[in-house]
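Residue-level structure breakdown
These are the residues of each chain, in order.
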Amino acid sequence: MPPVDRAAMLERFAELVADYRATVVRCESSQVSVHVLKALRDAQRVILPEGLPEAVVEAVVGRLGEDAVARDAADHGELEGFDAVVTTCAAGIAATGTVVLDHGEGRGRRALTLLPDLHVCIVRSGQVVPDVPDAVRRLDPQRPQTWISGPSATSDIELSRVEGVHGPRTLVVLLVGD
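All of the points below concern the structure found in this document.

A count of helices and strands for the chain gives five helices and 12 strands. Residues classed as buried in the chain amount to 47% of the 178 residues present. Once local pairs closer than 6 in sequence are excluded, the contacts in the chain between residues at least 24 apart make up 71%. Within the structure as shown, the chain displays about 9000 Å² of accessible surface, and the carbon and sulfur contribution to it stands at 51%.

Quick look at a nonpolar patch on the surface now. On the surface, Val132, Val136 and Trp147 cluster together into a nonpolar patch covering about 240 Å² of accessible area. Mapped onto the secondary structure, Trp147 falls in strand 9 (residues 146-148).

Moving on, we get to the pattern of salt bridges. This structure, assessed with the given rule, holds six salt bridges. We note a salt bridge from Arg71 to Glu50, for which the minimum N-O separation is 3.6 Å. Here the residue Arg71 occupies a position in the loop between strand 3 (69-70) and helix 4 (76-79), and Glu50 occupies one in the loop between strand 2 (46-47) and helix 3 (54-64), the gap between them amounting to 21 residues. Residues joined in a network through salt bridges with shared partners are Asp102, Arg107 and Arg143.

As a rule of thumb, nonpolar side chains are buried together in soluble globular proteins. In terms of nonpolar packing, the biggest core is built from 24 residues, with Val36, Leu40, Val60, Val86 and Val120 touching the most fellow members. When contributions to this core are tallied by element, the ones reaching two or more residues are helix 2 (32-40), helix 3, strand 4 (84-88), strand 7 (118-124) and strand 12 (170-177). In this structure, Val120 is in contact with Val36, Ala39, Leu40, Val85, Val86, Thr87, Val172 and Leu174, ignoring residues within four places of it in sequence. Within the second largest apolar cluster, 17 residues are counted, among which are Ala14, Cys89, Val99 and Val123.

So, on to the sheet that holds strand 7. Pairing is parallel in the open sheet, where six strands are placed in the order 1-12-7-4-2-3. Pairing within the sheet leaves two strands with one partner each, and these edge strands are strand 1 (23-28) and strand 3. Pairing geometry for strand 7 and strand 12, over seven bridges, is parallel. In the strand pairing of strand 12, Cys121 is matched with Val173. Strands strand 1, strand 7 and strand 12 of the sheet are contacted by helix 1 (residues 6-19), whose axis makes an angle of about 145° with strand 1.

The rules behind each value
- Residues numbered from 1 in each chain as written.
- Predicted model: local features only at pLDDT ≥ 70, side-chain atom pairs only at ≥ 80, totals over all residues.
- Heavy atoms only, no water.
- Helix = DSSP H or I, 4+ residues; strand = E, 2+ residues; numbered from the N terminus.
- Buried < 20%, exposed > 50% of the residue type's maximum accessible area, 1.4 Å probe, protein only.
- Contact = heavy atoms within 4.5 Å.
- Areas by Shrake-Rupley, 256 points an atom, 1.4 Å probe, with all protein chains shown as cover.
- Patch = residues over 30% accessible without salt bridge, like charges linked within 9 Å, V, L, I, M, F, W, Y side chains within 5 Å.
- Salt bridge = Lys/Arg side-chain N within 4 Å of Asp/Glu carboxyl O.
- Core = buried A, V, L, I, M, F, W, Y, C linked by side-chain atoms within 4.5 Å.
- Pairing = 2+ DSSP bridges.
- Axes fitted to C-alpha atoms, helices over the stretch in contact; angles between N-to-C directions.

Quick look at the structure:
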C-alpha cells in the first residue's frame, strides 16, 4: 500500500466538503475560537456539547453570555430555540467529503446537530482518513453515528433543491492543522 500524501488527502477532503455547499475554513489550533465566533455570526443561542475545547466554550459564552449557551437540551421543543451548534467530530473522510459524529465528547447526541439551522464542526487534520473503511475502523460500532456530507438538502419531484429540511441549512467545517 503506497504512503498517504496527507496534504493531498486534506485538500481532497476540503474540496469535497465545499462541493456539498458547506463552508470550509482552514486554521491552526490557536485560531479555532476566533473562527467559531466568525462562523456563529448572528447566532443568539448556541448549543455547546460537553467536551468541546474550553477556549471555544469561553469565547462563545464571553460573546453571548451564559444564558444563551446550553450544553444539552431536554427535548426537541427546547432545541428548536437554538440557532447553532458547535461540535467536534470522530472522523473526516477524504474520499467522500464526509464528517462523522459518534456522539462522544464534544459531539453530543444526534438531535443536537439536527435542529439548529447552523452546525459548526471542528475537524482536526489528524482525524481525516483516506476512505470509508479507514473511518469505520476508527469508530466504535456501539456508539450511534451520524454521517454528514454537507448541509441538509433534498429535492422535490421537479429537482428543485431545498436546504435545511432535515437538518442544518448551513454547515461550517473548521479544518484545523495539527
